[in-house]
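Overview (structure and organization)
So you can see what is in the structure, the chains are spelled out below.
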Amino acid sequence: MDQRDAISEHRKGLSKTLAIAALTGATVVVLTVPSVANADPEPTPPPPPPGNTFLQGSPPEAPAPPPPADPNAPPPAPADPNAPPPAPADPNAPPPAPPEPGRVDNAAGGFSYVVPAGWKAADATQLSYGQALLNKIPPPAPAGAEPPQPPNDTSVLLGRLDLKLFAGAETDNTKAAQRLASDMGEFFMPFPGTRINQQTVPLNAAGMSGVASYYEVKFTDTNKPNGQIWAGVVGAPTAAGAPRGQRAPERWFVVWLGTATNPIPTNEAITLAQSIRPWTPPPPPPPDPNAPPPPAGGTNAPGQSPNVGVPVPVDPNSAPGMVPAG
């Protein structure tokens, strides 16, 4: 009896030890228990409790919370259920043409053109007529010398043929070109002389018809070299009867000035005029909805002028020159 009680106590102690080891999540260890005669089988240890950090490793870090939604952001536009699906790209379509070398966009005049070789675009902010100015590139200066200035007896003007020029009122391109050459000749060469070697040639700028007029001036003063002028007009005049606010002429001009010292290369002038294309600048980007609002200010805030016709109260006692007499 004493021996059986000792075996029973030993078995109870061993079972209790295994249960505690399983519950505490200790490392699994294979235990060899000697068989005991007439002993009941040991119960299967329970699985480790969920969330045991020793067996499963440390828990992953919680993800950062998303930033709060901007209460001032506009809601996204709903998709149009009736909008057609985008057209698939044509695998056989030719690649887009590379930009043309030397082509310059002119937003003020609404056109683009190709600068001739040997010329460069110059500052056009002080032009009385047109929106583009080209100067001839001078030859390189000798070593150590100041760079030479462009010659002052030749230049090129380009721009929209609007009503700032009398030629803009001529609806026929031939008459417009001849009028433009005549007016510009008198403006840039206001000296007595005789017009000689007059020519008129047709133009075609990618489907826009046009005309060019050319002549020379043999000045009475024989010390002056002959003056030369070439004026080309391309595009279509404003349709008759168009409202005043919609009379945006789709015609452009080229005026090439020269002298016998720096004669006009007429073939290059024709190429320049026929390179003109209508061009519209891209629209500005939409305003940023998250940008801070402009500072509030009244009609008399700095940098603002009061509205015309709105009376502004003024204290006569403090305003200069308005103190009551006596």
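Residues numbered from 1 in each chain as written. Predicted model: local features only at pLDDT ≥ 70, side-chain atom pairs only at ≥ 80, totals over all residues. Heavy atoms only, no water.

Model confidence for the protein is summarised by a mean pLDDT of 76, while 67% of its residues fall at 70 or above. Every residue in residues 321–326 is under pLDDT 50, and counting partners more than four places away or in other chains gives six contacts. (pLDDT = per-residue confidence, 0-100. Contact = heavy atoms within 4.5 Å.)

On to helix α4 (residues 266–274). Every buried residue belonging to α4 is among A269, L272 and A273, and all of these are buried. Buried residues along α4 cover an arc of 95° about the axis, so they all sit on one side. Those residues of α4 that are exposed and aimed more than 90 degrees away from the buried face are N267 and T271. Residues of α4 that are buried in the fold lie against β2 (111–114), β4 (132–136), β5 (155–160), β6 (193–205), β8 (227–236) and β9 (250–259). (Buried < 20%, exposed > 50% of the residue type's maximum accessible area, 1.4 Å probe, protein only. Helix = DSSP H or I, 4+ residues; strand = E, 2+ residues; numbered from the N terminus. Arc of directions from axis to C-beta.)

Moving on, we come to the packing of aromatic side chains. Counting across every chain of the model gives five aromatic pairs. When the ring of W119 is compared with that of W256, the centres are 5.0 Å apart and the planes differ by 75°; the resulting orientation is edge-to-face. Of this pair, W119 sits in strand β3 (residues 119–121) while W256 sits in strand β9; the two residues are 137 residues apart in sequence, bridging distant segments of the chain. On the basis of relative accessible area, W119 is assigned to the buried category, the value being 9%. What makes W256 buried here is its relative accessible area of 0%. Here the aromatic rings of F187 and F188 are separated by 4.9 Å at their centres, their planes lie at 85°, and the arrangement is edge-to-face. Since its relative accessible area comes to 46%, F187 is described here as partly exposed. Members of the aromatic cluster, each reached through a chain of ring pairs, are Y129, F187 and F188. Its end group placed over the ring of F191, K224 keeps NZ or CZ at 4.3 Å from the ring centre. (Phe/Tyr/Trp six-rings, centres within 6.5 Å; stacked < 30°, edge-to-face > 60°. Lys NZ or Arg CZ within 6 Å of the ring centre and 35° of its normal.)

Within the fold, E216 resides in strand β7 (residues 208–219). It turns out E216 is buried and unbridged, and the closest side chain with the opposite charge, K218, is 9.7 Å from it. Among the polar contacts made by the side chain of E216, one reaches the side chain of N197 at a distance of 3.3 Å. Not counting residues within four places of it along the chain, the set of residues in contact with E216 comprises T194, R195, I196, N197, N226, G227 and Q228. (Lys, Arg positive; Asp, Glu negative; His and termini not counted. Salt bridge = Lys/Arg side-chain N within 4 Å of Asp/Glu carboxyl O. Polar contact = N/O pair within 3.5 Å; in protein donor to acceptor, adjacent residues only side chain to side chain.)

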